[in-house]
Amino acid sequence: MGTGTPPVILPGQSVSIEFHAGAGQALSFATMYGWSNDLFFAPENPGINLYNADGTPVTGDVSSQIKLWDNGTRINQAPGMSVMHPGTAESTPKNISEVNGTDAQGNMYLAASQLMKATLAYHGNSRFTLTLKNTSGGTANETPFSPGVWTVSYAPGGDILDKTPIYAEGQPSVNGLTNIAEMGDNSVLDDHLQGMTGIFTPLSPVLVVVYSGDENPFYKTGEKDRGEGLSDLAQTGNAEILAGNLESKSGVKKVYVLKEPSSTVLLPKAGGASGGKVMQQLDVVKGDRIALATMYGLSNDWFYATKGNGIDAMKKGDVSDQISLYDNGTKKDQYPGANIRMDLPGMSLRESKVIEEVPNPNAFTTLPQIVKVTLN
């Protein structure tokens, strides 16, 4: 939103959005064409493309990706002559359509890119700034922009989960978009998007180790990665290398790598439902310890693992409080879910630091409970 009262963005003024995003993700937003009955600006779905095909971030002018849309709920009037009253309501609401030169009533409009300049800047470490400038001043379509909403869509595996986060061309307006398009009120759609927003991640196949002794067999905080395969698990989810090296270690009795048959990784579930799950029968005796590790999938090198010297194998019930999130120290941290993993030209992600617990809240966000471990 703008800085005035009301907080609109007037011709000549700018507003900026700062956000984190990874490869394959897109940024979408919506703001009212203020001097209209129900027109709004938004990028074409699924949103502004943020990375080039070679993985480098998009920077500079991206105005061509912005379009002007008719919400379909009010009869359009000549630009700058809009009058909100009951007589302008459509008798039957129409579907959302692009305003490409002219609207349904034959009113003329310049291209959105001539009224709004959108510029992307990349600051490294998956962080962007989008600046929107109102360039409509002095044109036939001079208008303020209303307060709006914006969203970054997840793209695990490279495919965006929600390709129509704010609107869908050819479909009715929903979820409070009409409030923006008709009145510049962003509160309803903001509440809707906040309800869809949050942190989640798939988990890699889970490494489980039964052992005896006083030390965790595959890591220790305050020490660097041992070069035995933990970095492979933390960076790519590959537990096989570490599992193979652990099998010959003194004190290690049994090593398992647990996978879901259908998807290999453990996927989260929406709506409060329990997510992916793996189970394993263990042959243990008094004195045995259990250690486990799994990758925080949407990170560069974070992994969940048992704390300290693992879990007493004789313990029963929920032992989730014995699990914590750790930074392997071999790749730079990025916003969870907005990770890039690959080195960009002149911007290496590689580092060599000791393994440390990831605080919660951390430098990026507060993480929900993601892993549940039970011994029966």
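The rules behind the values
- Residues numbered from 1 in each chain as written.
- Predicted model: local features only at pLDDT ≥ 70, side-chain atom pairs only at ≥ 80, totals over all residues.
- Heavy atoms only, no water.
- Salt bridge = Lys/Arg side-chain N within 4 Å of Asp/Glu carboxyl O.
- Helix = DSSP H or I, 4+ residues; strand = E, 2+ residues; numbered from the N terminus.
- Pairing = 2+ DSSP bridges.
- Polar contact = N/O pair within 3.5 Å; in protein donor to acceptor, adjacent residues only side chain to side chain.
- Phe/Tyr/Trp six-rings, centres within 6.5 Å; stacked < 30°, edge-to-face > 60°.
- Buried < 20%, exposed > 50% of the residue type's maximum accessible area, 1.4 Å probe, protein only.

Quick word on the pattern of salt bridges
Note on pairing: side chains with opposite charge can pair once their charged atoms come close. Across all of its chains, the model carries 7 salt bridges by this definition. Across the pair Glu240 and Lys259 runs a salt bridge, and its minimum N-O distance is 3.5 Å. One end of the pair, Glu240, is in helix 5 (residues 240-246); the other, Lys259, is in the loop between strand 12 (252-258) and strand 13 (289-295), with 19 residues separating them in the sequence. As a salt-bridge pair, Asp288 and Lys253 come within 2.6 Å of each other at their nearest N and O atoms. Of this pair, Asp288 sits in the loop between strand 12 and strand 13 while Lys253 is found in strand 12, placing the two residues 35 residues apart along the sequence.

Section: the sheet that holds strand 5 (residues 60-61)
Across the sheet, which stays open at both edges, the 4 strands sit in the order 1-9-8-5 with antiparallel pairing between neighbours. Across the chains shown, the open sheet's two edge strands, defined by having one partner strand only, are strand 1 (14-20) and strand 5. Relative to strand 8 (residues 116-122), strand 5 runs antiparallel, the two being bridged by 2 bridges. Paired with Asp61 across the strands is Thr119, a residue of strand 8.

Focus on the side chain of Asp327
Take Asp327: it is sitting in strand 17 (residues 323-327). A distance of 2.9 Å separates the side chain of Asp327 from the backbone nitrogen of Gly329, its partner in a polar contact.

Considering the packing of aromatic side chains
By the definition in use, this model includes 17 aromatic pairs. Taken together, a centroid distance of 5.8 Å and an interplanar angle of 80 degrees make the contact between Tyr296 and Trp302 edge-to-face. With relative accessibility at 0%, the residue Tyr296 sits in the buried group. Members of the aromatic cluster, each reached through a chain of ring pairs, are Phe19, Tyr51, Tyr122, Phe128 and Trp150.

As for unusual backbone geometry
Backbone torsion omega between Thr5 and Pro6 reads 0 degrees, so that peptide bond is classified as cis. By the element assignment, Pro6 lies in the segment before strand 1. In this model, Asn45 is joined to Pro46 through a cis peptide bond whose omega is 5 degrees. Mapped onto the fold, Pro46 is located in the loop between strand 3 (39-43) and strand 4 (48-49). One non-glycine residue with positive phi stands out, namely Asn175, at about 65 degrees. Of note, Asn175 is situated in the loop between strand 10 (149-153) and helix 2 (177-183).

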